[in-house]
Amino acid sequence: MMNMSPSSRQEKWLRKRNHVKLRNVTANHRVNDVIAVEGGLQVLVGRFMYGPLDMVALTGEKVDVLIMTEPSSGRWVYFDTEISNSSGRVSYSVPEDKRLGVGVYPIKMVVRGDQSSAQSYLTVLPPGMECVVFSIDGSFAASVSIMGSDPKVRAGAVDVVRHWQDLGYLIIYITGRPDMQKQRVVSWLSQHNFPQGMIFFSDGLVHDPLRQKTIFLRNLMQECHIKISAAYGSMKDISVYNVLGLSSSQIYIVGRAAKKYQNQCQFVNEGYAAHLASLEFSHHSRPKKNNSRMILRKGSFGLHTQPEFLRKRNHLRRTMSVQQPEPPSSNPKPERAQSQPESDKDHERHLNPLSWVRSSGHKFEPSP
């Protein structure tokens, strides 16, 4: 290993035709968030694609693997260089003598040919770590905007997630969406100041996203020995959480109560504000049992710079507010005030930087 700033050794493409194929297409790379148990395997996986709908895969090219082994220092450490396969994937297993101890570590993979990159996190946990799961579409999205790229957040959703984070639980966000939408979804979470957590997508387009969620969470429970203390979602997610063995008192379903499921879950049908009050004044949310709270990253999702679609939306808002002053409202909408940072400057100053590449071909819309 050697220390280095984010990989700066740009070289010619190994395959000459890649220079032509990738010249005018936008990168849509992603690296998976990884949860590993202390002393176990630490496998980092990335996929390097270009263009809307992943039109071009980066085939047979060098990708540098870097990890911030001491996050407080801000220094990237070069581990190795891998060659992407025919589907643009890179897999790197951290050697046994270099495996990282309990903690949360930023990961960065950099394409040597054009210096495009993607980031994520490796979280190494002690056995028995307790977590709270949120299904993104079922828990958070309250509406779809006209452009389809910024659904409104359910009022108080951010505060509920932050409540669990403050108690010391690991936050896990999960969705049946394909991983090609990662940059857009993470941008949305960042824009609305959601607490930092591990986020997991389906590996490409799948016919049965609920089954994929079940398999993924079951593997986490079996291989990483995590304990799911509470899980949020829509009625579609009840079957997932039941299969995982969660009790009705651990399952929180957002939306109108249905008699069919009243014995299988707790319905959050009076809004998140009322739900948060019940969590704070009941025994349903207690500080987690193990003593590894200090390893967890606090704060919110952060972006190094705002993606273009967010900049355009904010510019449009400012233009409209200048041209058409807002009349005084006796019914303010608290969810927008709670879920958005006070200003772009404050947002960038307080949050840990993550460099996500914009995906221009996908919109974040609630699944049917």
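This text gives an overview of the structure that appears in the document. (Residues numbered from 1 in each chain as written. Predicted model: local features only at pLDDT ≥ 70, side-chain atom pairs only at ≥ 80, totals over all residues. Heavy atoms only, no water.)

## Focus on helix 7 (residues 272-280)
We count it as follows: Partly exposed residues are those whose accessible area sits between 20% and 50% of the maximum for their type, while under 20% is buried and over 50% is exposed, using a 1.4 Å probe and protein chains only. Under the scheme used here, helices are H or I runs from DSSP no shorter than 4 residues and strands are E runs no shorter than 2 residues, and both carry numbers assigned from the N terminus. Here the arc refers to the set of directions running from the helix axis out to each C-beta atom. Here, residues are in contact when the closest pair of their heavy atoms is within 4.5 Å.
Every buried residue of helix 7 is accounted for by Y272, H275, L276 and L279. End-on view of helix 7: buried residues confined to an arc of 100°, all on one side of the axis. In this structure, the buried side of helix 7 is in contact with helix 2 (136-139), helix 3 (157-166), strand 15 (227-233), strand 16 (251-254) and strand 17 (266-268).

## Looking at the pattern of salt bridges
Here is the rule we go by: Throughout this description, the term salt bridge denotes a Lys or Arg side-chain nitrogen within 4 Å of a carboxyl oxygen of Asp or Glu.
On inspection of all chains with the given rule, the structure shows nine salt bridges. Here D179 makes a salt bridge to R30, at a shortest N to O gap of 3.3 Å. With D179 in the loop between strand 13 (170-178) and helix 4 (182-191) and R30 in strand 2 (residues 30-31), the pair connects residues that are 149 residues apart, well separated along the chain. Note on R30: relative accessible area 1%, which makes it buried. A salt bridge links R162 to D159; its shortest N-O distance comes to 3.4 Å. With R162 and D159 both in helix 3 and three residues apart, the pair spans about one turn of that helix. Note on D159: relative accessible area 25%, which makes it partly exposed. Here the residues in one salt-bridge network are E11, K62, D64 and R112, joined through shared partners.

## What to know about the packing of helix 3 against helix 7
Put simply, the test is: Note on definitions: angles span 0 to 180 degrees between N-to-C directions of axes, and those axes are lines fitted to C-alpha atoms, for helices only across the stretch in contact. Here the angle decides the label: under 35 degrees means roughly parallel, over 145 means roughly antiparallel, 65 to 115 means roughly perpendicular, and every other value means oblique. Left-handed is the label given to a crossing in which the near helix is rotated counterclockwise from the far helix by less than a right angle, and right-handed is the label when the rotation is clockwise. Each residue gets one of three labels, nonpolar for Ala, Val, Leu, Ile, Met, Phe, Trp, Tyr, Cys and Pro, charged for Asp, Glu, Lys and Arg, and polar for the others, Gly among them.
For the pair helix 3 and helix 7, the least separation of the axes is 8 Å and the interaxial angle reads 20°. Judged by the inter-axis angle, helix 3 sits roughly parallel to helix 7. Relative to helix 7, the crossing made by helix 3 is left-handed. Where helix 3 abuts helix 7, its residues A157, D159, V160, H163 and W164 lie against Y272, H275, L276, L279 and E280. Class assignment of the residues belonging to the contact of helix 3 with helix 7 gives a composition of six nonpolar, two polar and two charged.

## Some points on the layout of surface pockets
Any space left empty among the atoms is revealed by the rolling of a water-sized probe across them. We apply this condition: With a 1 Å grid spanning the protein atoms alone, the term cavity applies to any set of points in which a 1.4 Å probe fits but cannot get out, the term pocket to an open set with protein on both sides within 12 Å along at least five of seven lines, and the term lining residue to any residue with an atom within 4 Å of a point. Grid points are joined across faces, edges and corners, and a volume is the space filled by probe spheres set on the points.
What the second largest pocket holds in volume is close to 900 Å³. In this structure, the second largest pocket is lined by 31 residues; those nearest its centre are N32, D33, F200, F216 and L220. Counting residues per element, the ones that place at least two in the lining of the second largest pocket are strand 3 (34-37), strand 4 (43-47), strand 13, strand 14 (198-202) and helix 5 (209-223). In terms of residues, the lining of the second largest pocket owes the most to one element, helix 5, which gives seven residues. Here the lining of the second largest pocket is composed, by residue class, of 15 nonpolar, eight polar and eight charged.

## Re the sheet that holds strand 12 (residues 130-135)
The line we're drawing: Two strands qualify as a pair provided DSSP detects at least 2 bridges between them.
Here six strands make up an open sheet; going across it, the order is 14-13-12-15-16-17 and the pairing parallel. Each edge of the open sheet carries a strand with a single partner, namely strand 14 and strand 17. Mean inter-strand twist for the sheet, computed between neighbouring axes without regard to direction, equals 25°. Judged from the three bridges that link them, strand 16 and strand 17 form a sheet pairing that is parallel. Residue pairing in the sheet places I253 in a bridge with F267 of strand 17.

## A short note on the nonpolar core
Heads up, the condition is: Among buried residues, those of type Ala, Val, Leu, Ile, Met, Phe, Trp, Tyr and Cys that are joined through side-chain atoms within 4.5 Å constitute a nonpolar core.
One finds F134, F140, W164, Y173, F194 and Y232 to be the most contacted residues of the largest nonpolar core, which totals 29 residues. Residue assignment for this core shows that the elements contributing at least two residues are strand 12, helix 3, strand 13, helix 4, strand 14, strand 15, strand 16 and helix 7. The element that contributes the greatest number of residues to this core is helix 3, accounting for five residues.

## Points about the pairing of strand 4
As a general feature of sheets, a regular strand has side chains that alternate between the two faces. In the sheet, strand 2 pairs with strand 4 via two bridges, with the strands oriented antiparallel. By the bridge assignment, V31 is partnered in strand 4 with G46. As defined by bridge partners, strand 4 adjoins strand 9 (residues 89-93) across five bridges and the pair is classed as antiparallel. In the sheet register, V45 faces strand 9, and the bridge partner there is S91.

## Details of the sheet that holds strand 9
If you walk across this open sheet you meet the three strands as 2-4-9, and the pairing is antiparallel. Looking at the sheet topology across the chains shown, the edges are occupied by strand 2 and strand 9.

## Focus: the pairing of strand 15
The condition that has to hold: Whether a crossover is right-handed depends on one test, that the path from the first strand over the helix to the second runs clockwise when the strands point away from the viewer.
The element strand 15 is largely enclosed, with a buried count of six among its seven residues. In terms of strand pairing, strand 12 meets strand 15 through five bridges, oriented parallel. Across the sheet, residue C131 finds its bridge partner in strand 15, namely I228. Note on the crossover from strand 15 through helix 6 (residues 238-243) to strand 16: the handedness is right-handed.

## Observations concerning the packing of aromatic side chains
To keep things clear, this is the line we draw: Only rings of Phe, Tyr and Trp enter the pairing, Trp through its six-membered ring, and a pair is recorded when the two centres are within 6.5 Å. The plane angle decides the type: under 30 degrees is stacked, over 60 is edge-to-face, the rest tilted.
All told, the structure shown has 11 aromatic pairs when counted by the stated rule. Both rings, one in F140 and one in Y173, keep their centres 5.9 Å apart while their planes meet at 65°; by these two values the pair is edge-to-face. In this pair, F140 is assigned in the loop between helix 2 and helix 3 and Y173 in strand 13, connecting sequence segments 33 residues apart. Between F140 and F194 the ring centres are 4.4 Å apart and the planes differ by 40°, which places this aromatic pair in the tilted class. One end of the pair, F140, is in the loop between helix 2 and helix 3; the other, F194, is in the loop between helix 4 and strand 14, and 54 residues separate them in sequence.

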